[in-house]
Amino acid sequence: MKVTAEFEKNTVKRKSKFLVRLSVTGGILVAISFLSFFGYKFFTRYLIGGDTFSAMYAQWSKGDYKAVFDTTSAILEKKQFNNTARMYHGYSAFRLSLSASDTEAAQSYLDTAVNSLRLAIISAKAKTLPQLEYMLGKAYFYKDYISSYYYYADLAVNYLLKAKQDGYKADKNAIDDIPELLGLSYASLGLPMESISAFTEALLVRESDLLLLSIAEQYYAAGQHSAGLQYLYRISQDCKDEKILLKSRLLMGKIDIEQEKFEDAQKEFEIILQKNENSADAHYGLGIIYEKQGDFVKARSEWRSALRIQPNHVDALKKIAEYK
């Protein structure tokens, strides 16, 4: 009886140990399954998922703006008030507008950029506000640039000035283009002196023949022809860009007409036509010279030539209508 009792006691102990081991093993397996499941969820959501911030930053660093646009779209579907996603959605939309294959697509991306950036500005932190204002001003500038009418230049000026006032600084490897963008926007608004001031500041950042021509054009618009000629002379010395040179000659011809230097003006227009026989503006300029010299037959002939090249040439249409 004593042996039997001892045997039963040992059997109970073994069963108890077995149950403990089984319980521990089961718990470990459950823990491993739990950690594996949620670890996988974390990994796919935050590291390789298509709608995650980690993915977004990686895509942005690679310059894959379409991927950033799609990723931020997915994030905003779930978190519509997330300002980081909203900001990068606007940035990527702007980038995509620059590479769009047609004007309609570019406008659509710019509209998205403007809407996203305006929303992001509302709750932006102080350190990101100048960058957002700069990008919004730039988006408005490009909307104005590709539009048929200058509807957005004032908004471009507004946000670019805010960015400047709030301390926007271009990245080390980038050029501060705010003065140049302001100059072009002021020109669109018909404010030549403000444009000249901005362009002059832009020259201190980076001199270019296009900037010199832009300043000369604004001095011409302001009626300060002598000042404009100084910049045109600088272009004529070193410029290698044929298009800029021809535009410079065209403006030189206009100034010569204003100063009644008709022979000099005629030479400029004829040189332009030697380089580009389809310059409607050069034909129009020759017509003005003939008009001032009293030769209305030749004048009308030149204006008709301008209209054959460019049927909607406003100034030539006015002159033809005037001498019917």
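Residues numbered from 1 in each chain as written. Predicted model: local features only at pLDDT ≥ 70, side-chain atom pairs only at ≥ 80, totals over all residues. Heavy atoms only, no water.

1. Remarks on the overall build of the protein
When helices and strands are counted, the protein shows 16 helices and 0 strands. A burial count over the protein gives 39% of its 324 residues as buried. Look at the contacts in the protein between residues 6 or more apart in sequence, and 46% of them connect residues 24 or more apart. Roughly 19800 Å² of accessible area belongs to the protein as shown, and the carbon and sulfur atoms make up 54% of that amount. (Helix = DSSP H or I, 4+ residues; strand = E, 2+ residues; numbered from the N terminus. Buried < 20%, exposed > 50% of the residue type's maximum accessible area, 1.4 Å probe, protein only. Contact = heavy atoms within 4.5 Å. Areas by Shrake-Rupley, 256 points an atom, 1.4 Å probe, with all protein chains shown as cover.)

2. Overview of the nonpolar core
Grouped together as the largest cluster of nonpolar side chains are 33 residues, with contacts concentrated most on Y91, L132, Y134, L136, I178 and L182. Contributing elements (two or more residues each) for this core: helix 3 (65-78), helix 4 (83-98), helix 5 (103-122), helix 6 (129-146), helix 7 (153-165) and helix 8 (178-188). At 7 residues, helix 6 tops the list of elements feeding residues into this core. Apart from residues lying up to four places away in sequence, Y134 is in contact with L160, A163, Y168, D177 and I178. Of all hydrophobic cores here, the second largest spans 21 residues; its members include L250, A282, A316 and I320. (Core = buried A, V, L, I, M, F, W, Y, C linked by side-chain atoms within 4.5 Å.)

3. Description of the packing of aromatic side chains
Evaluation of the coordinates by the stated rule reveals 16 aromatic pairs. Measuring from centroid to centroid gives 5.7 Å for Y57 and Y88, while their planes differ by 85°, and the two rings are edge-to-face. You can see Y57 sitting in helix 2 (residues 53-62) and its partner Y88 sitting in helix 4, a full 31 residues away along the chain. By relative accessible area, which is 41% here, Y57 ends up partly exposed. The buried category is assigned to Y88, whose relative accessible area is 16%. Chaining the aromatic ring pairs together yields one cluster made of Y57, W60, Y65, Y88 and Y91. The side chain of K143 reaches across the aromatic face of Y152, ending 4.5 Å from its centre. (Phe/Tyr/Trp six-rings, centres within 6.5 Å; stacked < 30°, edge-to-face > 60°. Lys NZ or Arg CZ within 6 Å of the ring centre and 35° of its normal.)

4. Things to note about the pattern of salt bridges
A complete count under the given rule lists 9 salt bridges for this structure. With a closest N to O distance of 3.0 Å, K66 and D70 form a salt bridge. Placement of both K66 and D70 in helix 3 is noted, with a separation of 4 residues, approximately one turn of the helix. Of the residues examined, K66 reaches a relative accessible area of 39% and is grouped as partly exposed. Looking at D70, the relative accessible area reads 39%, which means it is partly exposed. Sharing partners across several salt bridges, the network here consists of E291, K319 and E322. (Salt bridge = Lys/Arg side-chain N within 4 Å of Asp/Glu carboxyl O.)

5. A closer look at helix 2
An α-helix turns once every 3.6 residues. As a result, residues three or four positions apart point the same way. Listed as buried for helix 2 are A55, M56 and Q59. Viewed end-on, helix 2 has its buried residues packed into an arc of 100°, placing them on one side of the element. Where helix 2 starts, the residue carrying a side-chain oxygen 3.1 Å from the main-chain nitrogen of A55 turns out to be T52. (Arc of directions from axis to C-beta. Polar contact = N/O pair within 3.5 Å; in protein donor to acceptor, adjacent residues only side chain to side chain.)

6. A short note on the environment of Y140
Considering the arrangement of structural elements, one finds Y140 in helix 6. Using a relative accessible area of 6% as the deciding quantity, one classes Y140 as buried. Residue contacts for Y140: discarding those within four places in its chain leaves V114, R118, Y152, L155, A156 and Y159.

7. Focus on the side chain of E291
Inspection of the secondary structure assignment puts E291 in helix 14 (residues 280-292). The exposure class of E291 is buried, given its relative accessible area of 13%. One polar contact links E291 to K319, side chain to side chain, over a distance of 3.1 Å. The contact partners of E291, leaving out residues within four places of it in the chain, are F296, A299, W303, K319, E322 and Y323.

8. Some remarks on the environment of D166
Relative to the helices and strands, D166 resides in the loop between helix 7 and helix 8. Spatially, the C-alpha atoms of D166 and A126 are 8.9 Å apart, while their sequence positions differ by 40 residues. Apart from the residues within four sequence positions on either side, D166 is in contact with L129, P130 and E133.

9. A look at the environment of G90
Assignment of secondary structure puts G90 in helix 4. G90 sits 25 residues away from N115 along the chain, and the two C-alpha atoms are 7.6 Å apart. Each residue touching G90, except ones within four places of it in the same chain, is listed here: A113, S116 and L117.

10. Section: unusual backbone geometry
Residue E260 is not a glycine yet carries a positive backbone phi of 60°. Residue position: E260 is located in the loop between helix 12 (242-258) and helix 13 (262-275).

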